[in-house]
Amino acid sequence: MTTSLADVASSDAALRAFLHGLPGVDRVGADQRAAMLGTRSIKTTAKAQAIDLAISMVDLTTLEGADTAGKVRALCTKAVRPGGDAPSVAAVCVYPDLVGVAAEALKGTGVKVASVATAFPSGRSSLEVKVSDTKLAVAAGADEIDMVIDRGAFLSGRYMKVYEQIAAVKEACGTAHLKVILETGELSTYDNVRRASWLAMLAGADFIKTSTGKVSPAATPPVTLIMLEAVRDFRDATGRQVGVKPAGGIRTAKDAIRNLVLVNETAGDDWLTPDWFRIGASSLLNDLLMQREKLATGRYAGPDYFTLD
């Protein structure tokens, strides 16, 4: 299979044949397996470790039109020191015009700066604009770029257009990592989620990401399961490991731990690090901190004990 993958993007016909030749997704089976894994119970010490691991995987995010430099600086402070002896989060994700603010605030902390780009959240723009958007964010200090695919092109079967745009943005990233947002809530079928996952990875994605957080449904457990299967199978076929980032609708510690169970049981523990699994969220961190305090003291501290994101 590795040999054949070298020729997959040689033509539009070859790419289409490969993507439509992928095994179909058993929708009922995927739903049932995700639901079953969601019932797994994690207790005491293992739960405390899972909460800290989840905190370290968070991409703490603010993507609102009302975002200000002050809000981003405050978010960066929380990202580095969430509370008590809790670990720092993985990254802070902001709009491109605020990358410089975040980069200055996070310099030397180890917390990455991520930026959405490429006409987020619609992805409806020219390739020239998408590449320029990416280059400007990287030049301002972004370590990671979260790009959105053109869902209209994908859903109308123009796979080569999507492939070429991802490849061009990947090149524009330079040394920055590229996360490709599939916006799974608009892809209609699980088969399309699998195809889009493989398309993004073939084009050079470092991560595949479920959603922008602006469309519902977003990071559902079955969709995350399918994407984890895709990265596992892609590594088996190519030897290259790709990360996964569910984003949108993950608000509680229970949600986060369910995702960690999905990772462990589907892709394996090689993906159980912030290098290979991220959780995009704005309100999740506070609940993780509340549950952490409960395990340590036996009492809930309450949401008013933590800063608002």
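Residues numbered from 1 in each chain as written. Predicted model: local features only at pLDDT ≥ 70, side-chain atom pairs only at ≥ 80, totals over all residues. Heavy atoms only, no water.

Student: Could you clarify how one ought to interpret the overall build of the protein in this entry?
Tutor: Regarding its fold elements, the protein presents 13 helices and 8 strands. Here the C-alpha radius of gyration of the protein, 19 Å, is about what a compact globule of 309 residues would show, namely 19 Å. By its C-alpha atoms, the protein is 60 × 45 × 30 Å across when sized along the principal axes. Put simply, the protein has 309 residues, and 52% of those count as buried. Partitioning the intrachain contacts of the protein with sequence separation of at least 6 by distance along the chain shows that 75% fall at a separation of at least 24. Mean positive and mean negative side-chain charge positions of the protein (35 and 35 charges, respectively) differ by 3 Å. (Helix = DSSP H or I, 4+ residues; strand = E, 2+ residues; numbered from the N terminus. Rg over C-alpha atoms; globule rule 2.2 N^0.38 Å. Buried < 20%, exposed > 50% of the residue type's maximum accessible area, 1.4 Å probe, protein only. Contact = heavy atoms within 4.5 Å. Lys, Arg positive; Asp, Glu negative; His and termini not counted. Charge placed at Lys NZ, Arg CZ, Asp CG, Glu CD.)

Student: Honestly, the nonpolar core in this entry has me stumped. Any pointers?
Tutor: Burial of nonpolar side chains together is a common tendency in soluble globular proteins. If you look at the biggest cluster of nonpolar residues, it comprises 94 residues, and the most contacted ones within it are L15, I166, V180, W198 and L288. With 9 residues, the top contributor of residues to this core is helix 11 (residues 221-238). Sequence-distant contacts of L15, defined by excluding residues within four places in its chain, comprise V8, Y159, M160, Y163, L199 and L202. Counting 8 residues, the second largest nonpolar core, distinct from the first, contains L63, A91, V148 and I181. (Core = buried A, V, L, I, M, F, W, Y, C linked by side-chain atoms within 4.5 Å.)

Student: Sorry, what's going on with the sheet that holds strand 8 (residues 279-281) here?
Tutor: Hydrogen bonds along the backbone pair up the strands of a sheet, which may run parallel or antiparallel. In spatial order, the strands read 7-6-5-4-3-2-1-8; together these 8 strands make up an open sheet with parallel pairing. Edge strands, defined here as strands with exactly one partner in the open sheet, are strand 7 (243-245) and strand 8. Sheet twist, expressed as the average angle between the axes of neighbouring strands with direction ignored, equals 25°. In terms of strand pairing, strand 5 (residues 177-181) meets strand 6 (residues 207-209) through 3 bridges, oriented parallel. Directly across from I181, in strand 6, lies its bridge partner K209. Running over the sheet, helix 6 (residues 99-106) touches strand 2 (91-94) and strand 3 (112-117) and is turned about 170° from strand 3. Helix 9 (residues 159-173) rests against strand 4 (144-148) and strand 5 of the sheet, and its axis sits at about 150° to strand 5. (Pairing = 2+ DSSP bridges. Axes fitted to C-alpha atoms, helices over the stretch in contact; angles between N-to-C directions.)

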